[in-house]
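# Results of the structural survey
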Amino acid sequence: MSNFTNTSLQVQPVAARIGAEVRGIKLSADLNTSEVSAIRQALLKYKVLFFRNQHHLDDHGQEEFSRLFGNLYNHPTVPNKNGTNILELDSTHGSRADAWHTDLTFVDAYPQVSVLRSVVIPEVGGDTVWANTATAYESLPKALRNLVDQLWALHTNDYDYAAYHTNASSEDYQYYNDLFTSTIYETKHPVVRVHPETGERTLVLGQFVKRILDLSLSDSNQLISILQDHITKLENTVRWRWKVGDVVIWDNRATQHYAVNDYGDQTRVVRRVTLAGDIPISVDGKRSVTQRKFKTIPEKV
Ligand SMILES: [Fe+2]
């Protein structure tokens, strides 16, 4: 357990390469600057922070707390919960993120941080698993690091939904077709991004990757599979058993995550705030770019 200077924060790692539980703090917009800075330092080090017993937070409280770490960023296609800056992920309405991903990598400046609060949690199941994309990069053999440093990939929200979600319900399909892809984005990201705060090299892949550019589709698929295997190796992950009132914050520039879809027709509701990120920069200083963006559903008049 480590204590951060000038604060009551206690930080207990949960797994060796990623994830720590933070105790001794009540999350709110009233935190002082040392507490905010201690949370940010811990986030950069552990990539995912878990806070139990934050029952006092409501939607507004979650938003105001999140603002301490950056500007709120709304989902580019899915509407917020009424009157809030919060995206509600409700399992009964098709929101089951059971594929490895980094949030919103189909846009160029995808969020730096996500803040997720649990509202309804199944009696058993519905855990989330996070993976560290910085240690995944470091653990690659040097020859493979040299290769991926030079590669770029196309990310889109128009991905093969059925291939990723093999047990999707009709509500899941409707959510994907009506909301998630109401505007389609295609963005070119470097496969290796230099983290703007830590300088670490991180892998930018996950479910929104369509292909690695300048490779054949077959080579691209095989290389993505090799890299994803490194990212999601069990030693490189942490798994969290949610309780109602938990808040989890992750560095979306250095992680992927997966919501385990093992709870059948039990209800699971979590609410997410995302914070605006900056445009990724490759190891040779080039920036990501959104190449195409177009509406698939005509505007209602
Ligand atoms: Fe997500």
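Provided above is the structure to which this section pertains.
These lines cover the structure that appears in this document, whether it is placed above or below. Just so you know, these numbers come straight off a predicted model, no measurement behind them.

### Let's talk about the overall build of the protein
Along the protein, the regular secondary structure elements total seven helices and 18 strands. Here the C-alpha radius of gyration of the protein, 19 Å, is about what a compact globule of 301 residues would show, namely 19 Å. Of the contacts made within the protein by residues no fewer than 6 positions apart, 83% connect residues no fewer than 24 positions apart. Carbon and sulfur atoms make up 49% of the accessible area of the protein, which amounts to about 13300 Å² in all.

### As for the pairing of strand E16 (residues 255-259)
For E16, a buried count of four out of five residues is recorded, marking the element as mostly surrounded by other parts of the structure. Pairing geometry for strand E8 (residues 128-132) and E16, over five bridges, is antiparallel. Residue pairing across strands places Asn132 opposite Thr255, the latter belonging to E16.

### Section: the coordination of the iron ion
The reference angle at a metal is 109.5 degrees if four donors form a tetrahedron and 90 or 180 degrees if six donors form an octahedron. Bound to the iron ion on the protein side are His101 (NE2), Asp103 (OD) and His257 (NE2), at distances that span 2.1 to 2.2 Å. We note that the donor set of the iron ion lies within a single chain, spaced as H-x1-D-x153-H. Taken as a pair, His101 in the loop between strand E6 (87-90) and strand E7 (113-120) and His257 in strand E16 lie far apart in primary sequence, 156 residues in all. In this pair, the class of His101 matches that of His257, namely buried.

### As for the sheet that holds E8
Here three strands make up an open sheet; going across it, the order is E14-E8-E16 and the pairing antiparallel. At either margin of the open sheet sits one strand with a lone partner, and together these are strand E14 (237-240) and E16. On average, each strand axis in the sheet is tilted by 20° relative to the strand beside it, whichever way the strands run. Of the pairings in the sheet, the one linking E8 to E14 comprises four bridges and is antiparallel in character. Among the inter-strand pairings, Thr128 is bridged to a residue of E14, identified as Trp240.

### Structural notes on unusual backbone geometry
Phi angles above zero are rare outside glycine, and Asn53 is one such case at about 60°. Residue Asn53 is classed as exposed on the basis of its relative accessible area of 57%. Positive phi, close to 70°, is recorded for Asp214, a residue that is not glycine. Judged by relative accessible area, which is 82%, Asp214 ranks as exposed.

### Points about the sheet that holds strand E13 (residues 209-212)
Pairing is antiparallel in the open sheet, where four strands are placed in the order E13-E9-E10-E18. Bordering the open sheet on either side are E13 and strand E18 (289-295), each of which pairs with just one other strand. Across the sheet, the mean angle separating the axes of adjacent strands is 15° when strand polarity is ignored. Summarising the sheet, strand E9 (residues 152-156) and E13 pair through three bridges and their orientation is antiparallel.

### Side note on the pairing of strand E3 (residues 20-23)
As defined by bridge partners, strand E2 (residues 10-13) adjoins E3 across four bridges and the pair is classed as antiparallel. When the sheet's bridge partners are listed, Val11 is paired in E3 with Val22. Between E2 and E3, which pair antiparallel one after the other, the connecting turn spans six residues, and Gly19 there sits at a positive phi close to 100°. Sheet analysis places E3 next to strand E4 (residues 48-51), joined by two bridges and oriented parallel. The residue bridging Ala20 from the neighbouring strand is Leu49, located in E4. Of the crossover connections in this fold, the one passing from E3 over helix H1 (residues 33-46) to the parallel E4 is right-handed.

### Overview of the environment of Asp219
Relative to the helices and strands, Asp219 is located in helix H7 (residues 217-231). Taking the C-alpha atoms as reference points, Asp219 and Phe50, separated by 169 residues in sequence, lie 38 Å from one another.

### Observations regarding helix H6 (residues 170-180)
Buried within H6 are the following residues: Asp172, Tyr175, Tyr176 and Phe180. Around the axis of H6, the buried residues are gathered within 95° of arc, so they sit on the same side. Residues of H6 that are buried make contact with E6, helix H5 (161-164) and strand E10 (183-190).

### Structural notes on the side chain of Glu186
Its location among the elements puts Glu186 in strand E10. Each residue touching Glu186, except ones within four places of it in the same chain, is listed here: Phe106, Leu154, His155, Thr156, Lys210, Val289, Thr290, Gln291 and Arg292.

### Some remarks on the side chain of Asp90
Along the polypeptide, Asp90 turns up in strand E6. Buried and without a salt bridge, Asp90 has Arg271 as its closest oppositely charged side chain, separated by 7.6 Å. In terms of polar contacts, Asp90 uses its side chain to reach the side chain of Thr92, at 2.6 Å.

### A closer look at H7
The α-helix advances 3.6 residues per turn, and as a result positions three or four apart in sequence lie on the same side. With 15 residues, H7 ought to run about 21 Å at 1.5 Å a step, and its terminal C-alpha atoms sit 21 Å apart, in line with that. Considered for burial, the residues of H7 that qualify are Ser220, Leu223, Ile224, Leu227, Gln228 and Ile231. The arc that holds the buried residues of H7, viewed along the axis, is 135°, so those residues lie on one side.

Quick notes on the rules
Residues numbered from 1 in each chain as written. Predicted model: local features only at pLDDT ≥ 70, side-chain atom pairs only at ≥ 80, totals over all residues. Heavy atoms only, no water. Helix = DSSP H or I, 4+ residues; strand = E, 2+ residues; numbered from the N terminus. Rg over C-alpha atoms; globule rule 2.2 N^0.38 Å. Contact = heavy atoms within 4.5 Å. Areas by Shrake-Rupley, 256 points an atom, 1.4 Å probe, with all protein chains shown as cover. Buried < 20%, exposed > 50% of the residue type's maximum accessible area, 1.4 Å probe, protein only. Pairing = 2+ DSSP bridges. Donors = N, O, S within 2.8 Å, 3.2 Å for Na, K, Ca; no water. Axes fitted to C-alpha atoms, helices over the stretch in contact; angles between N-to-C directions. Right-handed = clockwise from strand over helix to strand, strands pointing away. Arc of directions from axis to C-beta. Lys, Arg positive; Asp, Glu negative; His and termini not counted. Salt bridge = Lys/Arg side-chain N within 4 Å of Asp/Glu carboxyl O. Polar contact = N/O pair within 3.5 Å; in protein donor to acceptor, adjacent residues only side chain to side chain. Expected span 1.5 Å × (residues − 1).

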